[in-house]
Amino acid sequence: MAAHAPLHTTSAPDIHSHHMPVPRGPLLAAAALIIATLVGVATIRATGVDVSTRSQAPVVAQRALHFEDMPNGGVRVLEALPGQAPQPLQVVDAGAGGFLRGALRALVRQRRAAGLGAEAPFVLTARADGRLTLVDPATTERVDLESFGPTNAAVFAQLLAAPRPAPQR
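How each quantity is defined
- Per chain, residues are indexed from 1 in the order of the written sequence.
- Local features in a predicted model are, by the rule used here, given only for residues with pLDDT of at least 70; side-chain atom pairs are given and counted only at 80 or more, and totals for whole chains, interfaces and linings are based on all residues.
- Side-chain descriptors were evaluated using all non-hydrogen atoms of the structure, hydrogens and water having been removed beforehand.
- We call a set of buried Ala, Val, Leu, Ile, Met, Phe, Trp, Tyr and Cys residues a nonpolar core when their side-chain atoms join them within 4.5 Å.
- Three labels apply to residues, based on accessible area from a 1.4 Å probe with only protein chains included: buried if under 20% of the type maximum, exposed if over 50%, partly exposed otherwise in between.
- We call two residues in contact whenever any of their non-hydrogen atoms come within 4.5 Å of each other.
- At least two bridges found by DSSP between two strands are what make those strands a pair.
- In this text, helices come from DSSP runs of H or I with a minimum length of four residues, and strands from runs of E with a minimum of two, each type numbered from the N-terminal end.
- Every axis corresponds to a line fitted to the C-alpha atoms, with the helix fit spanning only the stretch in contact, and the corresponding angles, defined between N-to-C directions, vary from 0 to 180 degrees.
- Definition used for salt bridges: Asp or Glu carboxyl oxygen within 4 Å of a side-chain nitrogen of Lys or Arg.

It is worth spelling out the nonpolar core at this point. Among the nonpolar cores identified, the biggest contains 24 residues, and Phe67, Leu100, Leu124, Leu145, Phe156 and Leu159 are the most heavily contacted of them. Not counting chain neighbours up to four residues away, the residues in contact with phenylalanine 67 comprise Val75, Arg76, Val77, Leu100, Leu104, Phe122, Phe156 and Leu159.

This is the structure:
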């Protein structure tokens, strides 16, 4: 039997057998950027510097408010007036009260964790730049209400627009 010559086949080059160098410049630049970012964040957190990019726009409306749950799922809103007992301002029905309750939940949880009661009112503030915030002065916690969209923020904006309660004598 005659020996057959091996058939010569061409195949695709084996990419695993070839060394493909990684450019060092971009790799080092990416590593330096990551390290600089981590160092910057650590420095800011350690020093407590306020990095808020929002300016303190002028206050256009502000109210001190108490909130009471109602048996039907609604929320009674009372305005805290200086030198008086809180006065009824508005009742938020159960549908809209769901978002209002949710926004208050974290603030109330912080009060309970700090051993505080419901005596101090929350402060609802509208600013000229459109920000709407609910702040708990007792714990300094804050909820940026505009973050939840215009429909949800409108529930709180209505509280600012409501007529002031008549003073009780």
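Moving on from the coordinates now.
In spatial order, the strands read S3-S2-S1-S4-S5-S6; together these six strands make up an open sheet with antiparallel pairing. The open sheet is flanked by strand S3 (87-92) and strand S6 (141-144), the only strands paired with a single partner. Here the average twist between neighbouring strands, direction ignored, is 30°. Note that strand S1 (residues 59-69) and strand S2 (residues 75-79) share five bridges and pair antiparallel. When the bridges of S2 are listed, phenylalanine 67 appears paired with valine 77. Running over the sheet, helix H3 (residues 150-161) touches S1, S2, S3, strand S4 (122-127) and strand S5 (132-136) and is turned about 105° from S1.

Across all of its chains, the model carries six salt bridges by this definition. Salt-bridge contacts for aspartate 69 lead to arginine 101; the nearest nitrogen and oxygen are separated by 2.4 Å. Of this pair, aspartate 69 sits in strand S1 while arginine 101 sits in helix H2 (residues 94-113); the two residues are 32 residues apart in sequence, bridging distant segments of the chain. Look at aspartate 69 and you get exposed, because its relative accessible area is 61%. Of the charged contacts, one joins arginine 131 and aspartate 129 as a salt bridge, the two residues approaching to 3.0 Å between their closest N and O atoms. Owing to a relative accessible area of 5%, arginine 131 belongs among the buried residues under this scheme.

What follows concerns the environment of alanine 161. Within the secondary structure layout, alanine 161 lies in helix H3. When the C-alpha atoms of alanine 161 and arginine 63 are compared, they prove to be 10.0 Å apart, with 98 residues separating the residues in sequence.

None of the figures reported here should be taken as evidence of function without further support.
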